[in-house]
Amino acid sequence: MKLIVDIGNTNSVYAILDGNNYVYKQRLSPNENIKNIINEISNYNLDFIAIASVVPKQTKFHIDAFQKHFKVTPFVVNHKNANVKLDVDNINEVGADRICNVKAALDIINSNCIILDFGTATTYDVINHKKQFIGGAIAPGIKVSALNLINKAAMLNETNLVFPEKYIGKNTKTNIQSGVMFSAIHSIEGMIKNIKLELNGNTDIILTGGFSQLISTKLNIKHKLIPNLTLDGINLIHKENINE
């Protein structure tokens, strides 16, 4: 069995693969204790651990914790071991999560591709017809945008980020929901439209990340919904490196 860990700025995701099947998946916020995860998965017989991280301090912390408890040395994804072509100004700036998204996408697409990952930020990862990652865009995440608005306005309160029934909200909660969620949809559709124009060809669209399932229900553009794309990419990169 293999433990796969995606360490992000807001949350970390822990998943266990038995062959090609996910048998465990948990999301942990920074203020939660990793010992809880270790206790939960201590009964699994782990042969491998693979990590992708955008938080260097957390990377070392996780490596030390896993080595101590499971006696397994984790594999850490980076641009040197991923076998992904990066046509950007500085390959060292490309986050491991984006590299993993591209790796997984390349396994299933045959044309240009835009990957939208809804996390702390909303990232647009763009692959051209040569199967190169050529950059993209980074926008504030949906939750980040909402919390920033709420924190700046004294009369606003934290609200559930779901789509309201109508654009015109009748109270503070539905006003925020409409403004944040519907604005996000129109922004996303506009970004996709213009990125596709620059790619000039057939383009696959893939959604992944925390808000992907919710956004998928309202997005009026043909797309694939793959919630585990980053985890799949980590697994593929690890498999290539150990010839699994």
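This section reports on the structure supplied with the text. It should be emphasised that the depicted structure is a prediction, and the values quoted were computed from it without experimental measurement.

Definitions and cut-offs
Residues numbered from 1 in each chain as written. Predicted model: local features only at pLDDT ≥ 70, side-chain atom pairs only at ≥ 80, totals over all residues. Heavy atoms only, no water. Salt bridge = Lys/Arg side-chain N within 4 Å of Asp/Glu carboxyl O. Helix = DSSP H or I, 4+ residues; strand = E, 2+ residues; numbered from the N terminus. Buried < 20%, exposed > 50% of the residue type's maximum accessible area, 1.4 Å probe, protein only. Pairing = 2+ DSSP bridges. Contact = heavy atoms within 4.5 Å.

1. Focus on the pattern of salt bridges
One side chain can pair with another of opposite charge once the charged atoms of both are near each other. Per the counting criterion, the structure on display carries 4 salt bridges. For Arg98, the salt bridge is made with Asp125, and the minimal N-O distance between the two is 2.4 Å. Of this pair, Arg98 sits in helix H3 (residues 96-106) while Asp125 sits in strand E8 (residues 121-127), and the two are 27 residues apart along the sequence. Accessibility expressed as a relative area gives 14% for Arg98, which makes it buried. Between Lys103 and Glu240 there is a salt bridge, and its shortest N-O distance comes to 2.9 Å. Of the two residues, Lys103 sits in helix H3 while Glu240 sits in helix H7 (residues 229-242), which places them 137 residues apart along the sequence. We classify Lys103 as buried; its relative accessible area is 7%. Owing to a relative accessible area of 41%, Glu240 belongs among the partly exposed residues under this scheme.

2. Some words on the pairing of strand E3 (residues 21-28)
In this structure, strand E2 (residues 12-18) lies alongside E3, joined through 7 bridges in antiparallel fashion. In the strand pairing of E3, Ile16 is matched with Tyr24. Between E2 and E3, which pair antiparallel and follow one another directly, the connecting turn spans 2 residues, one of which, Gly19, has a positive phi of 70°.

3. Quick look at unusual backbone geometry
At Asn83, a residue that is not glycine, the phi angle is positive and equals roughly 55°. Note on placement: Asn83 falls in the loop between strand E5 (75-76) and strand E6 (85-86). Residue Asn83 is classed as exposed on the basis of its relative accessible area, which comes to 60%. One non-glycine residue, Lys131, lies in positive phi territory at about 65°. Checked against the element boundaries, Lys131 lands in the loop between E8 and strand E9 (132-140).

4. Brief notes about the environment of Asp125
For Asp125, a relative accessible area of 0% gives the class buried. Sequence-distant contacts of Asp125, defined by excluding residues within four places in its chain, comprise Arg98, Asn101, Val102, Cys113, Ile114, Ile115, Phe133 and Gly135.

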